[in-house]
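Notes for the structure review
Here is what each chain is made of, one letter per residue.
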Amino acid sequence: MKVQLVDPSAFTPPYDRALAAALTRAGAEVELLTTRFLYGAVPPAEGYRVEERFYRRSAARGLDAPARVPFKAAEHLPDMLRFRRDAAADVVHYQWLTAPPLDVHLLPRLRPRAMTAHYILPPAPSRRQVASARRVFGAMDAVVAHSEHGAARLREEVGLPAERVRVIPHGAFDYLTRLPEEKPLPAELEGPRAR
């Protein structure tokens, strides 16, 4: 089974890569579609492919480039349309969408498609925020929440059918235990030591 895992803006590279590795270990052929992460090193790909197909020009300009965010915004529509045209998988799993209210109209027609609901709604959502969440999550065949609380909000506030919501607790990021140049925490961050 071929799975495309999609995080256009590379919002969560450690999580994306841990999930891609776990899916690979479970027997899936996984392709992570993202952008180059500009804030530091990312875990290496373990048995899956990474294709940095989003925001290539703005990422190449670097983090401190003038007008980086508007330049990235200008790349968004062409990149999403290219993804829509070229997507090829048995399952497409969206980790994040960069502009969910717009992106929901640009997604490939491929089915089934799933999305992880990292952020569902603010504490006191407006009707417009609820309607937007309903459009985005409602376009998916399955939605993953990391807690029962999140799943309940998807069912009760967003209005998703219970059979389309799954609770999968967030896993640990074990790559942090294998960093080549581990450094101690600064004293102000250490907190009390266990005795």
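Criteria and thresholds
All chains use their own residue numbering, which begins from 1 and follows the written sequence. The predicted origin of the model limits local features to residues at a pLDDT of at least 70 and limits the giving and counting of side-chain atom pairs to 80 or more, whereas totals for whole chains, interfaces and linings rest on all residues. With hydrogens and water excluded, all non-hydrogen atoms of the structure serve as input to the side-chain values. The nonpolar core is taken to be a set of buried Ala, Val, Leu, Ile, Met, Phe, Trp, Tyr and Cys residues, with the residues joined through side-chain atoms within 4.5 Å. Relative accessible area decides the class of each residue, using a 1.4 Å probe on protein chains only: under 20% of the type maximum gives buried, over 50% gives exposed, and in between gives partly exposed. Helix and strand definitions here come from DSSP, where helices need a minimum of 4 consecutive H or I residues and strands a minimum of 2 consecutive E residues; each element is numbered from the N-terminal end. Should any heavy atoms of two residues lie within 4.5 Å, those residues are counted as being in contact. Under the pairing criterion, centres of Phe, Tyr and Trp rings, with the six-membered ring standing for Trp, must be within 6.5 Å; the plane angle then separates stacked pairs below 30 degrees from edge-to-face pairs above 60, leaving the rest tilted.

1. Overview of the nonpolar core
In this structure, Phe83, Tyr94, Phe137, Leu154 and Val158 are the most contacted members of the largest nonpolar core, which totals 31 residues. Those elements that place two or more of their residues in this core are helix H3 (68–86), strand S4 (91–94), helix H5 (127–138), strand S6 (142–145) and helix H6 (148–158). The dominant element in this core, judged by the number of residues it contributes, is H5, at 4 residues. Those residues within four positions of Val158 in sequence are excluded, and the remaining contacts are Ile120, Leu121, Ala133, Arg134, Phe137 and Arg153. By size, the runner-up hydrophobic cluster in this structure holds 9 residues, among which are Val3, Leu5, Ala20 and Ala28.

2. Focus: the packing of aromatic side chains
Following the criterion strictly, the structure yields 5 aromatic pairs and no others. Residues Phe11 and Trp96 carry aromatic rings whose centres are separated by 5.5 Å and whose planes lie at 80° to one another, so their mutual orientation is edge-to-face. On the criterion of sequence distance, the pair formed by Phe11 in the loop between strand S1 (2–6) and helix H1 (13–25) and Trp96 in the loop between S4 and helix H4 (100–103) is long-range, its members being 85 residues apart. We classify Phe11 as partly exposed; its relative accessible area is 43%. Judged by relative accessible area, Trp96 falls into the partly exposed class, the value being 22%. Centroid distance Phe37 to Tyr39: 5.5 Å. Interplanar angle 55°. Geometry classified as tilted. On the basis of relative accessibility, which here comes to 25%, the residue Phe37 falls in the partly exposed class.

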